[in-house]
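Survey of secondary and tertiary structure
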Amino acid sequence: GGEIIGITCSAFKSQANKYITREIITASLDERLDTLIKLGHAYIVLPGGTGTLLELAKVWELKNKGFLKREKPIILIGGFWKPLVELLKTDDPDCGRYVVQVDESNQAIQLLSDNL
């Protein structure tokens, strides 16, 4: 029942999916990513490819350096990103505190309900 905002990029020449209730079209990948981060109340990350990795890396680094509010959680669903988190924690043990890993989407929903 909520508003579903799709941030799309005209450079990709793709369509927003049918669940989007409002589309914001950006001109570049950088603009798209900055808009996603600006509008997000939380960042839920599913398994994905290099684009998802880019999105995760930027929001995580902004949190790690204190440029994003602490109350905006980064939630990783499933075990896909776990090896990456563990690898990065070997060099920067504190970085792990900025991501929450859950097994199921309903756990992410519960976290959001409890904290937003």
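Residues numbered from 1 in each chain as written. Predicted model: local features only at pLDDT ≥ 70, side-chain atom pairs only at ≥ 80, totals over all residues. Heavy atoms only, no water.

Turning our eyes to something else, we now look at the packing of aromatic side chains. The geometry of an aromatic ring pair is captured by two quantities: the separation of the ring centres and the angle between the planes. The full count for this structure, using the stated rule, is 1 aromatic pair. Between Phe-80 and Trp-81 the ring centres are 4.8 Å apart and the planes differ by 85°, which places this aromatic pair in the edge-to-face class. Under the relative-accessibility criterion, Trp-81 is labelled buried at 4%. (Phe/Tyr/Trp six-rings, centres within 6.5 Å; stacked < 30°, edge-to-face > 60°. Buried < 20%, exposed > 50% of the residue type's maximum accessible area, 1.4 Å probe, protein only.)

What follows deals with the sheet that holds strand 5 (residues 99-102). Pairing is parallel in the open sheet, where 3 strands are placed in the order 3-4-5. The open sheet has two free edges, formed respectively by strand 3 (43-45) and strand 5, since each of these has just one partner strand. Neighbouring strand axes in the sheet, compared pairwise and without regard to direction, differ in orientation by 25° on average. Both strand 4 (residues 74-77) and strand 5 contribute to a ladder of 4 bridges, which runs parallel. For Ile-75, the partnering residue across the bridge sits in strand 5 and is Val-100. With respect to the sheet, helix 2 (residues 50-64) is in contact with strand 3, strand 4 and strand 5, its orientation differing from that of strand 4 by roughly 145°. Its contacts with the sheet place helix 4 (residues 105-115) against strand 3, strand 4 and strand 5, and it is angled at close to 165° to strand 4. (Pairing = 2+ DSSP bridges. Helix = DSSP H or I, 4+ residues; strand = E, 2+ residues; numbered from the N terminus. Axes fitted to C-alpha atoms, helices over the stretch in contact; angles between N-to-C directions. Contact = heavy atoms within 4.5 Å.)

When you line up the elements, Lys-72 lands in the loop between helix 2 and strand 4. Of the side chains with opposite charge, Glu-71 comes closest to the buried, unpaired Lys-72, at an N-O distance of 7.4 Å. At a separation of 2.9 Å, a polar atom in the side chain of Lys-72 contacts the main-chain carbonyl oxygen of Gly-40. (Lys, Arg positive; Asp, Glu negative; His and termini not counted. Salt bridge = Lys/Arg side-chain N within 4 Å of Asp/Glu carboxyl O. Polar contact = N/O pair within 3.5 Å; in protein donor to acceptor, adjacent residues only side chain to side chain.)

A few words now on a nonpolar patch on the surface. A cluster of nonpolar side chains, Phe-12, Leu-29 and Leu-54, forms an exposed patch at the surface whose accessible area comes to about 270 Å². Mapped onto the fold, Leu-29 is located in helix 1 (residues 29-39). (Patch = residues over 30% accessible without salt bridge, like charges linked within 9 Å, V, L, I, M, F, W, Y side chains within 5 Å. Areas by Shrake-Rupley, 256 points an atom, 1.4 Å probe, with all protein chains shown as cover.)

Going through the model one piece at a time under the given rule, you end up with 5 salt bridges. Its salt-bridge partner being Arg-22, residue Glu-3 comes within 3.9 Å of it at the nearest N-O pair. Of this pair, Glu-3 sits in the segment before strand 1 (5-9) while Arg-22 sits in strand 2 (residues 22-26), and the two are 19 residues apart along the sequence. With its nearest N and O atoms 2.7 Å apart, the salt bridge here joins Glu-55 to Arg-32. Here Arg-32 lies in helix 1 and Glu-55 lies in helix 2, a separation of 23 residues in the sequence. The exposure class assigned to Glu-55 is partly exposed, which follows from its relative accessible area of 26%. In this structure Arg-32 comes out as buried when scored by relative accessible area, which is 18%.

Membership of the largest hydrophobic core comes to 15 residues, with the highest contact counts inside it found for Leu-56, Trp-60, Ile-74 and Leu-76. Only helix 1, strand 3, helix 2 and strand 4 provide two or more residues apiece to this core. Here this core gets 3 residues from one element, more than from any other, and that element is helix 2. Discounting chain neighbours no more than four positions away, the residues touching Leu-76 are Val-45, Leu-56, Trp-81, Val-85, Val-99, Val-100, Gln-101 and Val-102. Counting 5 residues, the second largest nonpolar core, distinct from the first, contains Ile-75, Ile-77, Val-102 and Ala-108. (Core = buried A, V, L, I, M, F, W, Y, C linked by side-chain atoms within 4.5 Å.)

Function cannot be inferred from these measures alone, as they are strictly geometric.
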